[in-house]
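Here's the letter readout for the chains.
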Amino acid sequence: MIGVPGAGVAMHALIAELYPICRSITGAGLRQTLARIAREIPLVVHEVPSGTRVFDWTVPREWTIRDAWVRDAAGRRVIDFQRHNLHVVNYSVPVRARMTLAELRPHLHTLPDQPDAIPYRTSYYKESWGFCLAHRQLEQMPEGEYEVCIDADLHDGHLSYGECLVPGSGPDEVLISCHACHPSLCDDNLSGIAVAVFAARALAQARPRHSFRFVFLPGTIGAITWLSRNEDRVGSIRHGLVLTCLGDRGGFTYKRSRRGNAPVDAAVEHVLRHTGTAHRTLDFSPYGYDERQYNSPGFNLPVGCLMRSEHGRFPQYHTSLDDLDFVAPRSLEESLAVLLAVFQVLEHNRTFRNLNPKCEPQLGRRGLYSGLGGTDIRQQELAMLWVLNLSDGDHDLLSIAQRADLPFAVVAEAARRLAAHDLLAPA
Amino acid sequence: MIGVPGAGVAMHALIAELYPICRSITGAGLRQTLARIAREIPLVVHEVPSGTRVFDWTVPREWTIRDAWVRDAAGRRVIDFQRHNLHVVNYSVPVRARMTLAELRPHLHTLPDQPDAIPYRTSYYKESWGFCLAHRQLEQMPEGEYEVCIDADLHDGHLSYGECLVPGSGPDEVLISCHACHPSLCDDNLSGIAVAVFAARALAQARPRHSFRFVFLPGTIGAITWLSRNEDRVGSIRHGLVLTCLGDRGGFTYKRSRRGNAPVDAAVEHVLRHTGTAHRTLDFSPYGYDERQYNSPGFNLPVGCLMRSEHGRFPQYHTSLDDLDFVAPRSLEESLAVLLAVFQVLEHNRTFRNLNPKCEPQLGRRGLYSGLGGTDIRQQELAMLWVLNLSDGDHDLLSIAQRADLPFAVVAEAARRLAAHDLLAPA
Amino acid sequence: MIGVPGAGVAMHALIAELYPICRSITGAGLRQTLARIAREIPLVVHEVPSGTRVFDWTVPREWTIRDAWVRDAAGRRVIDFQRHNLHVVNYSVPVRARMTLAELRPHLHTLPDQPDAIPYRTSYYKESWGFCLAHRQLEQMPEGEYEVCIDADLHDGHLSYGECLVPGSGPDEVLISCHACHPSLCDDNLSGIAVAVFAARALAQARPRHSFRFVFLPGTIGAITWLSRNEDRVGSIRHGLVLTCLGDRGGFTYKRSRRGNAPVDAAVEHVLRHTGTAHRTLDFSPYGYDERQYNSPGFNLPVGCLMRSEHGRFPQYHTSLDDLDFVAPRSLEESLAVLLAVFQVLEHNRTFRNLNPKCEPQLGRRGLYSGLGGTDIRQQELAMLWVLNLSDGDHDLLSIAQRADLPFAVVAEAARRLAAHDLLAPA
């Protein structure tokens, strides 16, 4: 596994910096987040005007939130955006009113099954307002009159997204996409942002074959906007991953691309299988994060989604419990290592042709095979036999590694040694 | 599930009326059965002369049975066709003789393992005669002389079969086939006849897209005769089912067509999976009922066989224990509901094309998506996402339902709603 | 199962005769072994000069071993080739020297985990010498000076291999390959040799359709040499098997050809499944015996490997414990029966066409179907229905047997009977 020692602590520190910012699909919080990312990696920030048509959608207005609260009869802020930005329904329209608890109640969102957690709710595409709070707190609110304020506004402005390109030596691209619109939620998706940032930094030193394009954008509308503005580019995308929920302590979850058998699917499954950590693989479904857009039938890009715990399936998901304690440096570091190992597979996966296809070549006289007969074979030698046997032009190294049940790196090294002895050439 | 309330009791009553009739592959009992069916649904009865060549076979003579008995020395009818028509080997040639029990014994058929049951035996294609009786009864018959009488005759006449066509709006046909040659046996196959009759009645009110052709015919020779006279029609048959053993209390058994992956196979498996009742699926084999003929390699029609308990695999099968108690109104009603649900799938299964294939369309502004973000998705919305994602021209609604693991009806409704909003069009 | 009664004892006796000979990849022992085989079956022995280029390899020199020993200070032979020919590393260069135990030790090979077993070691392609001995014996050797002698030489000569052709009536060939280079080791591979010899004898009386070519050759270099000299012939090879480890008491192991779905793979798996003995099947891997060469990508011949215990996976493998007691007459006889049954399948596997493809033919009037209706079907009749149903030109008898889950012989007999009644013809 290709690790970046110390990266886990550094990623957690970055998450801690970004955590308090109240992001949304547009506006200052998103822009501030992109600015912070830009201090880590070269980032081009794009601003797309409100009202721009992007396929079936329209870029929405910018949301500015200054304050929000509910005051009781005694004037105490019983719900206070200043204490937790999840308290306000994200993208709420402004409101200033007095009302009874009964009138207020339809605007209050809680989780009766998780009475101490503040839920995360949004209302992007329907004009509405509301507050989120712990159910236990709601139960303690007496009947009577309350004063309600959401000091926000929606105005024409821009949708922001950031792009970091690590240029490759060849024409093929890898797309890495993270949604950057969620407010104070760590696993979803500051973890994905942090892992992407550190992966981009690691790649920049590697002179890769593929270009790696990292996009940080608001969920759904951001991906749709990006695709709308990059239709001519998507033909170069050979592999892609949506990153989310990469900091929790659960095992890995990989959701395959719509194609189901894309090279990126094989690469992630191979790496997870050989890391030895717990993991499971899900077939594609059109519900989730921005893989929904990348895998829409008009694009059908080979984009999977790499997670630890599956989004929507753990109790902390979309609640105030998805906080700084919920994400662990060690988990982040392991996620980064898995991602970089996947990149290694994609980078080094090639199809070769055996130049000596009739019978095995005599590896021994080339110093590639141990001398003493009768004993068992070494893994490296076995890998060479597999590469020779399957390099008929139809099998790439990854498929050879899978069939041989050997780590990709061992198979790639075997290919390198065989090529160095003129026994193998690119197909 | 599309139920027909009260149909179970009505089907059982129809079975009770048909039960006493002594049917065979030709003759009065078969004709009387078709006449009774014709009182329920429009039925065209065809009469094919004995001696007609039908592929490798010849339409046999008509069998008339008036009486049959074995009398003991005291003149008592110890075996008596009047008491149960299974007592005579079906299609026996006439006989009138005196003989010892030893001489009679080769003509007596019993089930030593089921000593109280009268077996059902036939001798259609080899001239022979015999009696069937409970093994316990045979054991009590003293040695000595017996008088034997089968008052029957075989003469040139006709083979009868009935056809009920529910015409459809399009050119495609669904074939439903029931054998109607078994005498007093309820599950095999008065149950199949009753379910077919009630399905035809339900369909007649539905103005279906497919034409539904119900055939009631003697097993083997009837199906061969029908195919022989309808070779020019079979090209229109898109789906087909043989119905038998649909009244017992067992779970469902579906035997696939020879193709194994025909749409009818997928439809039945889908419906059974989503009914929640116990069921199992068998691969095609060339033994069983008339699916043998429909799936012969020269036709290879997509015809499966729907049963509850698998024919030949339950102790009551082909014995006097397959009586009116063995079939239950509730089972019949459930079988009818499954069959109608399968028809619904076949009727509504279409392939659509997503008219907005690049990214998801904005369902929310069309009122197709609930407003509040952050919460989990509803089944109907999920179904819409699946239909949009897979409507690339290669997936019909049934394959989408299977991949989404959603009931077909939910997926079909999602398609209907999307089409109503011009987001989907027939492919 | 096609048995050859008494063959087990006879094969064991042949193994016992061959056991003491010190074989290698070239030289007198190999030649003597081929001469002994030639007394059982017609064998053409080929001699290929040292130095001949065979693909990437060169035919090596002949190795002559006369004696080898290590004497202690008292002049006693503490390691003695005369007692067991495994004591010398096979293909050792000559040596005559005095040295301390410390100097000798790098040339001594033992198995610490199996302290009583002498390992089998070779040094074919690297000039070297050594001795093999029981680890317990090594532990008892005192420090001090030893006299070492390997009275051997390597000189230009020939590589020998033997070929026995059982000619067939048609153009297609079956290749059976056994390595014959191992010294006193019974399961690996005197067992394979013995089974091949007896199979060739049995076939010679059978006037087969295929030509069966049995090759007895040194491992690796022998197969490479054979392929190099027979490139124009390999196009006729339809099926092939490497035979090894066929005398031990373990269940069968079948390693598939590289293609994985070759007819020989289906045939062996079918026979093993229907023998009822324990067996398992392995996917191809490019490590093992000469299937490595036959399945190299430039040839990709459909050659599997039939074994009982898997080579390299049992403790006696490549040690002095693989002796005459380790192989059992009964195991050898069963292995021969399996091999002959596989040959039967390959010989009789044909594709037929149903001449009466529309509906079933009336088997009863041809005496092919039992008379009394209502009872269950017999296996032979069921087999006829399967053959008729699937003989559409796309299914050979073996695939029909597999789909019907019936023994091949039953299906082949059904086809024979149907063909005799003009219901079936070769496709």
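Position numbers for residues count from 1 along each chain, tracking the sequence in the order it is written. Labels are handed out in written order, letters beginning with A for the chains and numbers beginning with 1 for the ligands. Since the coordinates come from a predicted model, pLDDT governs what is reported: local features require at least 70, and pairs of side-chain atoms require 80 or more to be given and counted, while whole-chain, interface and lining totals use all residues. For side-chain calculations, the full set of non-hydrogen atoms in the structure is used, while hydrogens and water are omitted.

Bringing the domain arrangement of chain A into the picture now. Residues and elements named next belong to chain A. Along its sequence, chain A is carved into domain 1 (7-60 + 158-348), domain 2 (72-155) and domain 3 (351-426). Residue ranges assigned to each domain were obtained from an automatic or database domain assignment. Computed over C-alpha atoms only, the centres of domain 1 and domain 2 are separated by 31 Å. Here, residues are in contact when the closest pair of their heavy atoms is within 4.5 Å. Between domain 1 and domain 2, the contact holds 23 residues from the first and 16 residues from the second. The term buried area denotes the loss of accessible surface (1.4 Å probe radius) that occurs when two parts are joined, taken as the sum for both partners. When domain 1 packs against domain 2, close to 1400 Å² is buried across both sides, 57% of that on carbon and sulfur atoms. By salt bridge we mean one thing: a side-chain nitrogen of Lys or Arg within 4 Å of a carboxyl oxygen of Asp or Glu. At the junction of domain 1 and domain 2, the tally comes to zero salt bridges. N or O atoms closer than or at 3.5 Å make up a polar contact, with two conditions inside protein: a donor-capable atom paired with an acceptor-capable one, and, for residues adjacent in sequence, both atoms drawn from side chains. If you look at where domain 1 meets domain 2, you find seven residue pairs in polar contact (both at pLDDT 80 or more). Residue classes follow a fixed rule: Ala, Val, Leu, Ile, Met, Phe, Trp, Tyr, Cys and Pro count as nonpolar, while Asp, Glu, Lys and Arg count as charged, and any other residue, Gly among them, counts as polar. Taken together, the residues of the side of domain 1 that touches domain 2 break down into 13 nonpolar, nine polar and one charged.

Two aromatic rings from Phe, Tyr or Trp, using only the six-membered ring of Trp, form a pair when their centres are within 6.5 Å; if the ring planes differ by under 30 degrees the pair is stacked, by over 60 it is edge-to-face, and anything between is tilted. A complete count under the given rule lists 27 aromatic pairs over all chains for this structure. Pairing B:Phe314 with B:Tyr317 gives two aromatic rings, centres 5.6 Å apart and planes at 80 degrees, and the pair type is edge-to-face. For every residue, the accessible area obtained with a 1.4 Å probe (protein chains only) is divided by the maximum for its type, and the residue is called buried under 20%, exposed over 50%, and partly exposed between those limits. By relative accessible area, which is 10% here, B:Phe314 ends up buried. On the basis of an interplanar angle of 55 degrees and a centroid distance of 4.7 Å, the ring pair of C:Phe212 and C:Phe343 is categorised as tilted. One end of the pair, C:Phe212, is in strand β12 (residues 211-217); the other, C:Phe343, is in helix α9 (residues 329-348), and 131 residues separate them in sequence. An identical accessibility class is assigned to C:Phe212 and C:Phe343; each is buried. Connected via pairs of aromatic rings, a cluster forms that spans A:Trp57, A:Trp63, A:Tyr91, A:Tyr124 and A:Tyr125. Charge-over-ring placement is defined geometrically: NZ (Lys) or CZ (Arg) within 6 Å of the ring centre, and within 35 degrees of the ring normal. Of note, B:Arg201 hangs over the ring of B:Phe198, and the distance from its end group to the ring centre comes to 4.4 Å. Helix and strand assignments follow DSSP, with helices taken as H or I runs no shorter than four residues and strands as E runs no shorter than two, numbered in order from the N terminus.

Right, let's get into the sheet that holds strand β4 (residues 62-71) of chain A. Residue and element names in this part refer to chain A. Strands qualify as paired when DSSP identifies two bridges or more between them. What the four strands build is an open sheet, ordered β5-β4-β9-β6; its pairing is antiparallel. Looking at strand neighbours, the two that pair on one side only are β5 (77-80) and β6 (95-100), the edges of this open sheet. Geometrically, the sheet is characterised by an average inter-axis angle of 15 degrees between neighbouring strands, direction not taken into account. Here β4 runs beside strand β9 (residues 145-155); their pairing, made up of nine bridges, is antiparallel. In the strand pairing of β9, Asp67 is matched with Asp151. Here the axes come from fitting lines to C-alpha atoms, over the contacting stretch only for helices, and the angles between their N-to-C directions go from 0 to 180 degrees.

Here the focus is the sheet that holds strand β18 (residues 392-396) of chain A. What holds strands together in a sheet is hydrogen bonding between their backbones, with the strands either parallel or antiparallel. Residue and element names in this part refer to chain A. If you walk across this open sheet you meet the three strands as β18-β17-β19, and the pairing is antiparallel. Edge strands, defined here as strands with exactly one partner in the open sheet, are β18 and β19 (424-426). Shown here is a sheet whose adjacent strand axes are inclined to one another by a mean of 40 degrees, direction ignored. Strand direction decides the pairing type here: strand β17 (residues 351-354) and β18, joined by two bridges, are antiparallel. Across the sheet, the residue bridging to Thr351 is Asp396, located in β18.

The subject of this paragraph is the relation of the copies chain B and chain A. Our superposition of the copies is a least-squares fit, built on the C-alpha atoms of residues whose pLDDT is at least 70 in both. Taken as rigid bodies, chain B and chain A are interconverted by a rotation of 120 degrees and an axial shift of 0.0 Å, the fit giving an RMSD of 0.1 Å. On this basis, the relationship between the two copies can be described by a three-fold rotation axis. No C-alpha of chain B approaches the rotation axis more nearly than that of B:Asn261, which lies at 13 Å.

This next bit is on unusual backbone geometry. For the peptide bond that leads from A:Asp188 to A:Asn189, omega is 15 degrees, which places it in the cis range. Residue placement: A:Asn189 occurs in helix α5 (residues 186-204). Phi at B:Asn300 is positive, roughly 50 degrees, even though this residue is not glycine. Notably, C:Phe55 is not glycine yet its phi reads approximately 50 degrees, a positive angle.

Contact residues are listed per partner, giving 26 residues for chain C and 27 residues for chain B. Of the roughly 2300 Å² buried at the junction of chain C and chain B (both faces included), carbon and sulfur atoms supply 51%. At the boundary of chain C and chain B, one finds five salt bridges. Notably, a salt bridge pairs C:Arg366 with B:Asp56, separated by 2.7 Å at the nearest N-O pair.

Residues and elements named next belong to chain C. In this structure, Gly144 sits in the loop between α4 (135-139) and β9 (145-155). Judged by relative accessible area, which is 33%, Gly144 ranks as partly exposed. Between the C-alpha atom of Gly144 and that of Pro106, which follows or precedes it by 38 residues, the distance is 15 Å. Once residues within four sequence positions are removed from consideration, Gly144 is found in contact with Met99, Thr100 and Leu101.

Each pair of packed helices can be summarised by the angle the axes make with each other and by the distance between the axes. All names here are of chain A. At their nearest, the axes of helix α10 (residues 379-390) and helix α12 (residues 408-420) sit 8 Å apart, and the two run at 70 degrees to each other. In this view, α10 runs roughly perpendicular relative to α12, as classed from their interaxial angle. Between α10 and α12, the contacting residues are Gln379, Gln380, Ala383, Met384, Val387 and Leu388 on the first element and Val410, Val411, Glu413, Ala414, Ala415, Arg417 and Leu418 on the second. In the contact of α10 with α12, the residues fall into nine nonpolar, two polar and two charged. Oblique is the label for any angle not covered by the other classes, which are roughly parallel (under 35 degrees), roughly antiparallel (over 145) and roughly perpendicular (65 to 115).

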